[in-house]
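Observations on chain architecture
Chain residues, written in single-letter form:
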Amino acid sequence: MDPATLIGLLLALGAVFGALFMGGLNPIGIFLADIPSIILVFGGTIGVTVASGTMPAAINAIKVFIKALTGGAVEDPSENVKLLVDFADVARREGLLALEPRLEEIDDPFFRKGMEMAVDGTDPEDLREQLEIDLDKTRARHKSGAAFFVTAAGFAPAMGMIGTVIGLVDMLGNLDDPSSLGPSMAVAFLTTLWGAFLANFLFAPISNKLKKMSVDELDAKEIVLEGIIAVQAGSNPRAIASMLASFLPPANREDLTEDKKSA
Amino acid sequence: MDPATLIGLLLALGAVFGALFMGGLNPIGIFLADIPSIILVFGGTIGVTVASGTMPAAINAIKVFIKALTGGAVEDPSENVKLLVDFADVARREGLLALEPRLEEIDDPFFRKGMEMAVDGTDPEDLREQLEIDLDKTRARHKSGAAFFVTAAGFAPAMGMIGTVIGLVDMLGNLDDPSSLGPSMAVAFLTTLWGAFLANFLFAPISNKLKKMSVDELDAKEIVLEGIIAVQAGSNPRAIASMLASFLPPANREDLTEDKKSA
Amino acid sequence: MDPATLIGLLLALGAVFGALFMGGLNPIGIFLADIPSIILVFGGTIGVTVASGTMPAAINAIKVFIKALTGGAVEDPSENVKLLVDFADVARREGLLALEPRLEEIDDPFFRKGMEMAVDGTDPEDLREQLEIDLDKTRARHKSGAAFFVTAAGFAPAMGMIGTVIGLVDMLGNLDDPSSLGPSMAVAFLTTLWGAFLANFLFAPISNKLKKMSVDELDAKEIVLEGIIAVQAGSNPRAIASMLASFLPPANREDLTEDKKSA
Amino acid sequence: MDPATLIGLLLALGAVFGALFMGGLNPIGIFLADIPSIILVFGGTIGVTVASGTMPAAINAIKVFIKALTGGAVEDPSENVKLLVDFADVARREGLLALEPRLEEIDDPFFRKGMEMAVDGTDPEDLREQLEIDLDKTRARHKSGAAFFVTAAGFAPAMGMIGTVIGLVDMLGNLDDPSSLGPSMAVAFLTTLWGAFLANFLFAPISNKLKKMSVDELDAKEIVLEGIIAVQAGSNPRAIASMLASFLPPANREDLTEDKKSA
Amino acid sequence: MDPATLIGLLLALGAVFGALFMGGLNPIGIFLADIPSIILVFGGTIGVTVASGTMPAAINAIKVFIKALTGGAVEDPSENVKLLVDFADVARREGLLALEPRLEEIDDPFFRKGMEMAVDGTDPEDLREQLEIDLDKTRARHKSGAAFFVTAAGFAPAMGMIGTVIGLVDMLGNLDDPSSLGPSMAVAFLTTLWGAFLANFLFAPISNKLKKMSVDELDAKEIVLEGIIAVQAGSNPRAIASMLASFLPPANREDLTEDKKSA
């Protein structure tokens, strides 16, 4: 659980609403001035976004939305690296089968499935191929999960613009009462405001976060994949530590090589 | 048949028209206020989109449009996986030829053609190459089918803008009667409205849906392809189930491995 | 020769001009109201587009433009497939050299050159490499041919905008005569109109059409390439027909396999 | 030296200035009406573009700019092809070493370096690898050289917009003298004009030209690379001519094969 | 340390502020006229950008920002080439182990780690794979570091636009006092100004600079990688110099080959 999305959205909303208060405006009075405008923009955006995909994709978007708000803290990859180096040590000394009782220590299903296959004696090439298919399909699922929000972020400003043009067309066709001109235009611009607001404070950050989470998760899985292959191949634990360290930022490497030298 | 596109478009239109009613406006009065505006935007968009391709592509767009509205429910890939595992079992016990009578169970032409070739003893490398060409060309056909709507979604707002500028040029050149200013501008903005409306409520959702359907269909075919190759190679049914499970979302895998364990 | 571009452009122009007539406007009066506006947009766009490339590329654009207007009907690939299957039959029965007198039946220079090389006994790997270089370079030439129109479609609206801003700057600097305000703005907006018009009714459809023609032509050549290689390798005509059928849409395949079965 | 960029820019400027004269405006009076506007847009654009890269890249941009204005005429690749075919002939009859005295005929440093290495007996794989590294790095250098102008073309309109918004903010804050409203807005729009003008008449054409020059130069080098490898391998001159002809447009091939037949 | 970013930003700010002074405006009075506008744009942009990623990514952005302002001067790659050629000489004459005492001369951790592995007798394929993983992950880390500023540059103008629309909605809803119209609009446009200003004078140049620094650093590392592999393989120093020279711009090559000839 990474708090960046919740904190960031609170900060952004705080900045907008705080600035309005400071400027003597009433944010709620402005944003909620016209309920039909909100219905038009929100309903229109959700509608055409649902129409852009399939029913399962639309339903999945709800799950994905909650994941994006609260998720993001991939467990530290160094932990997995240490476990893999430890496994390599056992495998070299006592054989791959000696790892069987230790598989329960693994929480990550991808890691556990891969180690199970390795211990079961799956052919190394098949093992790599299958884990890589898993990675590819996970990437495709993440992309498809983020697609709803990418699409919605593109449609929302267009819905706002459509609402504003409808408002202008109506207003320009009925100029009898000049005193209503201002308020009519204010209402017309409300849909532009909501379209930009939904896109920039909701859909775009959520889709960005989902992409970031996907990159982080796949990076972590890639390390695990290479580690499992190396453990099965019976590589030297020190060589595995050094190889997997190449995946980590330089700052996190020290730790691993320190451990290795004292080992 | 997946209802997302029809439901989504109804929801979006409902939101726009409902919001207008709530705001005391007459949606039909606004949208249909000026028939020439609609002709300009719709005719202009369709015209330059047809000009952007070939005649067969333009005719194909009609078929593709109906497919996008109603299609999208790819049969559950798990069914195909189960069938493939079943075939693998038969092939191992009784040989590939024993599968011949069972080919009629297959509905999907790609699956059936591939299995027929496998049973006919096609060289495994030729088999894979030919099925992969089929996938590549299917992908290219899908892309080319969606291209009409991608192009139209790009042209529609430009047509709306051209109509509005023509309206403004005409209006500004004839400012004699100030009372006609408002209605003239209202008519001018109607083309902007129709351009944005056609792009966002018709062409863009349709092209998005077509892309999504293509990804789903090709994912399903990829599983079938790998399964056919494995069945022909005489792989262990359990190994095939495990390999093909890597293509499915984790949630759908349980089912398969359960089956396998009890088998 | 495919009529889509000519028909599409006529349809689009018809829609715009028809709509203007219906609305009581004089399209010619509006579009040709100010000749300098047209010179500015058209001359400016052509100028910076020429400056964006080399002289031979600019001269080539004229040839390519005519090709885009009238071209597009790639001969039915099924014909080539049938010819290749026929050649395979001859080659298997009487040897590759027996094909020499039949090479004159081939119209397409790429097909003929490839078959000549195959009959001349060119090494299969060299043959494939050379035909693939030919495809790659053809693709690059097509891309470079379309580039003029892609670039022009991007510059035209910018030229229109520059003309309008110049008009506004001039008008705002000379507000002495309020009655000239409207007509001055009308003239200023004419360049915006022409910029959008040239981009959307000329440059963009032409560049789109060129890209579509390139894809179709390269698809057709790819089939020929694979067929020539297979003929030279002495493959079974039925296997060639089946392999090449994978390149065609399912609807066009029937035909080929029918032929094969009766053969 | 290819005149397209100079001719194109003159044509474009001529169209704009000519159109203004025809419309009774004074182009110089408009463009140079406010020197601070020009300083803001030009200085701002150059500043943030320099800030977007490193000092050597900024200095390099000046050299590259002059190259873009005057360059573009890659020597006819057919000449190199003829020389390579000639070399192949000599190499086959008298050995690679017999080419040593002829290396001075080569002007292009890439061609000469490659031939020197071939004559020196460099291992064919090393030779190809090294020449391909050279091509890749040349492509990267070209891209990095064009980057300055791509970046500047993106920033210039934004600078123009910033200048205009500053002008509007200032004007709206001081509405005491209505008669100054028009001229103030005129000045404000001048920065928009300059931003669009610099982007479309200077930075974008230059960056486009640089990309085109890079493609042409790399195409020419690719032919030389393949030719050198073939000469070193002692291939048949006719086969080399035919292979290299695949890189040229069909129109330029005749010439080569004619030569070959009479030889 | 490369001064381009600091110099460029000072030049750009100098151009804007200087132009305002020349035009008789007070830049500080304009930019700082309304503090809530600045809070809205800056806070909103930072907030949604933080929400687009994870907490560690947000914290990392501060470090990366300072690096972008002052960094960029990658040590001259020719120095590394000379050192590698020197190492190759030693390795050929005295063996790889003779390089051990010289490893301390290397400052760059990537270079040193690679040479250490080479000297330790790491398998050449493993060595290349590990160094390439290091390069790939460095590229990914750079991309992820620049992502914060790319994202912020995209959000800032949208925040400005949202602020302006809020201002317009408020103003149009309260038209009672016409004299406040101008100043209200001035304040509304201030957020547009700040959004464009932050994007173009801060976030975009920083993200561009980070991308440029990444390309330069990876180019330098690629040379080192190929050099280390060649040194370990015991290649001829002259051949290494020539191979690595292919990575450098022609101007920097002379130097290396001169050295070689006199050696």
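Residues numbered from 1 in each chain as written. Chains lettered and ligands numbered in written order. Predicted model: local features only at pLDDT ≥ 70, side-chain atom pairs only at ≥ 80, totals over all residues. Heavy atoms only, no water.

This brings us to the interface of chain D and chain C. At the junction of the two partners, chain D supplies 48 residues and chain C supplies 37 residues. A buried area of about 3400 Å², summed over both sides, lies between chain D and chain C, and 73% of it is on carbon and sulfur atoms. A per-residue breakdown of the area chain D buries against chain C is headed by Asn 200, Lys 212 and Ser 246 of chain D, which together make up 14% of the total. Across the salt bridge formed by Glu 222 of chain D and Lys 137 of chain C, the nearest N and O atoms sit 2.9 Å from each other. (Contact = heavy atoms within 4.5 Å. Buried area = accessible area lost by both parts, 1.4 Å probe. Salt bridge = Lys/Arg side-chain N within 4 Å of Asp/Glu carboxyl O.)

Next up on the list: the relation of the copies chain D and chain C. Rotating chain D by 72° and moving it 0.0 Å along the rotation axis overlays it on chain C with an RMSD of 0.0 Å. The symmetry that links the two subunits is that of a five-fold axis. (Least-squares fit on C-alpha atoms with pLDDT ≥ 70 in both.)

Our focus in this paragraph is the interface of chain B and chain C. When the parts of a complex come together, some accessible area is lost, and that lost area is often taken as the interface size. In this complex, chain B contributes 37 residues to the contact, which on the side of chain C involves 48 residues. Interface area for chain B against chain C, summed over the two sides, is near 3400 Å², with a carbon-plus-sulfur share of 73%. Broken down residue by residue, the surface that chain B buries against chain C is led by Lys 137, Ile 166 and Leu 172 of chain B, which jointly contribute 16%. Linking chain B to chain C there are 2 salt bridges. Scanning the region where chain B abuts chain C turns up 8 residue pairs in polar contact (both at pLDDT 80 or more). Residue assignment for the side of chain B that touches chain C shows that the elements contributing at least two residues are helix H3 (35-51), helix H4 (55-70) and helix H7 (124-173) of chain B. Tallied by class, the residues present in the side of chain B that touches chain C amount to 21 nonpolar, 10 polar and 6 charged. (Polar contact = N/O pair within 3.5 Å; in protein donor to acceptor, adjacent residues only side chain to side chain. Helix = DSSP H or I, 4+ residues; strand = E, 2+ residues; numbered from the N terminus. Nonpolar A, V, L, I, M, F, W, Y, C, P; charged D, E, K, R; others polar.)

The next point concerns the nonpolar core. Ranked by internal contacts, the top residues of the largest apolar core, which has 243 residues, are Ile 166 of chain A, Ile 166 of chain D together with Ile 166 of chain E. When residues no more than four places from it in sequence are discounted, the contact partners of Ile 166 of chain E are Val 16, Leu 20, Leu 25, Ile 30, Phe 31 and Leu 193 of chain A. (Core = buried A, V, L, I, M, F, W, Y, C linked by side-chain atoms within 4.5 Å. Buried < 20%, exposed > 50% of the residue type's maximum accessible area, 1.4 Å probe, protein only.)

It is worth spelling out the pattern of salt bridges at this point. Using the criterion set out here, one finds 60 salt bridges over all chains in the structure. One salt bridge in this structure joins Arg 102 of chain A and Glu 105 of chain A, with 2.6 Å as the shortest N-O distance. For Glu 105 of chain A, a relative accessible area of 42% gives the class partly exposed. Among the ionic pairs, Asp 89 of chain D bridges to Arg 93 of chain D, the shortest N-O distance being 3.2 Å. Of the two residues, Asp 89 of chain D and Arg 93 of chain D both sit in helix H5 (residues 77-94), 4 residues apart, roughly one turn of that helix. What makes Arg 93 of chain D exposed here is its relative accessible area of 57%. If you follow the salt bridges from partner to partner, you end up with Asp 86, Arg 102 and Glu 105 of chain A in one network.

Let's shift gears to the side chain of Lys 221 of chain E. Mapped onto the elements, Lys 221 of chain E comes out in helix H8 (residues 181-232). Not counting the four nearest positions on each side in its chain, Lys 221 of chain E is found in contact with Asp 108, Phe 110, Leu 135 and Thr 138 of chain E.

Residues and elements named next belong to chain C. In this model helix H4 (residues 55-70) runs 24 Å from its N-terminal to its C-terminal C-alpha over 16 residues, within 8% of the 22 Å that 1.5 Å per residue would give. Here H4 has its buried residues at Ala 58, Ala 61, Val 64, Ala 68 and Leu 69. Packing partners of the buried residues in H4 comprise helix H1 (4-22), helix H3 (35-51), helix H7 (124-173) and helix H8 (181-232). Positioned one or two residues after H4, Gly 72 has a phi angle of 125°, which is positive. (Expected span 1.5 Å × (residues − 1).)

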